Amino acid sequence: QVQLEESGGGLVQAGGSLSLSCAASGKIFTIDNMGWYRQAPGKQRELIASITSDGVSNYADSVKGRFAISRDNAKKMVVYLQMNSLKREDAAIYYCSAWSNEYEYWGQGTQVAVSS
């Protein structure tokens, strides 16, 4: 099993920045890819950023150019999400995820609120 512990999140003004992090523990050797999903009220959970074990990243169009995902595989597998130029529509619960072909793990979610 893998445990994912998220930190960061909170309330920020529109146009501001926020950083999320997610640390994996347990059987981290089962992880290939890591990423961030978000779910706004009344909407489906969507994948907004992902990064492979080789550091190749992908972004949803809605966050491209504003968000940056990075990963530290050195000692402990940690994935970060730097969110810049936040908009009100970025408000959601953000979930960290880690997966491979065989496994999929989820964090508990962290709230991001954006005020006008």
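Residues numbered from 1 in each chain as written. Predicted model: local features only at pLDDT ≥ 70, side-chain atom pairs only at ≥ 80, totals over all residues. Heavy atoms only, no water.

*Asks:* Tell me what's going on with the pattern of salt bridges, and back it up with residues and numbers.
*Replies:* A pair can form between side chains of opposite charge whenever their charged atoms are brought close. In the structure shown here, the tally under the stated rule is four salt bridges. The partner of Asp61 in a salt bridge is Lys64, and the shortest N-O contact between them spans 3.2 Å. This pair shows no difference in class: Asp61 is exposed, exactly as Lys64 is. Several salt bridges share partner residues, and in doing so they unite Arg38, Glu46, Arg66 and Asp90 into one network. (Salt bridge = Lys/Arg side-chain N within 4 Å of Asp/Glu carboxyl O. Buried < 20%, exposed > 50% of the residue type's maximum accessible area, 1.4 Å probe, protein only.)

*Asks:* For the pairing of strand S8 (residues 78-83), give the residues involved together with the corresponding values.
*Replies:* Along any regular strand, the residues point their side chains to alternate faces of the sheet. Note: strand S3 (residues 18-26) against S8, six bridges, orientation antiparallel. Considered in S8, the bridge of Leu20 is made with Leu81. Looking at chain direction, strand S7 (residues 67-72) and S8 are connected through six bridges and run antiparallel. Looking at the pairing, Ile69 lines up with Leu81 of S8. (Pairing = 2+ DSSP bridges. Helix = DSSP H or I, 4+ residues; strand = E, 2+ residues; numbered from the N terminus.)

*Asks:* Summarise the state of the cysteines; cite the residues concerned and give the values.
*Replies:* Under the criterion given, the structure shown has one disulfide. The side chain of Cys22 participates in a disulfide bridge whose partner is Cys96; the two sulfur atoms lie 2.1 Å from each other. The chirality of the disulfide connecting Cys22 with Cys96 is left-handed, given an S-S dihedral of about -80°. In this pair, Cys22 is assigned in strand S3 and Cys96 in strand S9 (residues 92-99), connecting sequence segments 74 residues apart. What makes Cys96 buried here is its relative accessible area of 0%. (Disulfide = S-S within 2.5 Å.)

*Asks:* Got a sec to walk through the sheet that holds S8? Specific residues and values, please.
*Replies:* Read across the sheet, four strands follow the order S1-S3-S8-S7 without closing on themselves; strand pairing throughout is antiparallel. Whereas interior strands pair on both sides, the edge strands pair on one side only; in this sheet they are strand S1 (2-8) and S7. The average undirected angle you get between the axes of adjacent strands in this sheet is 15°. (Axes fitted to C-alpha atoms, helices over the stretch in contact; angles between N-to-C directions.)

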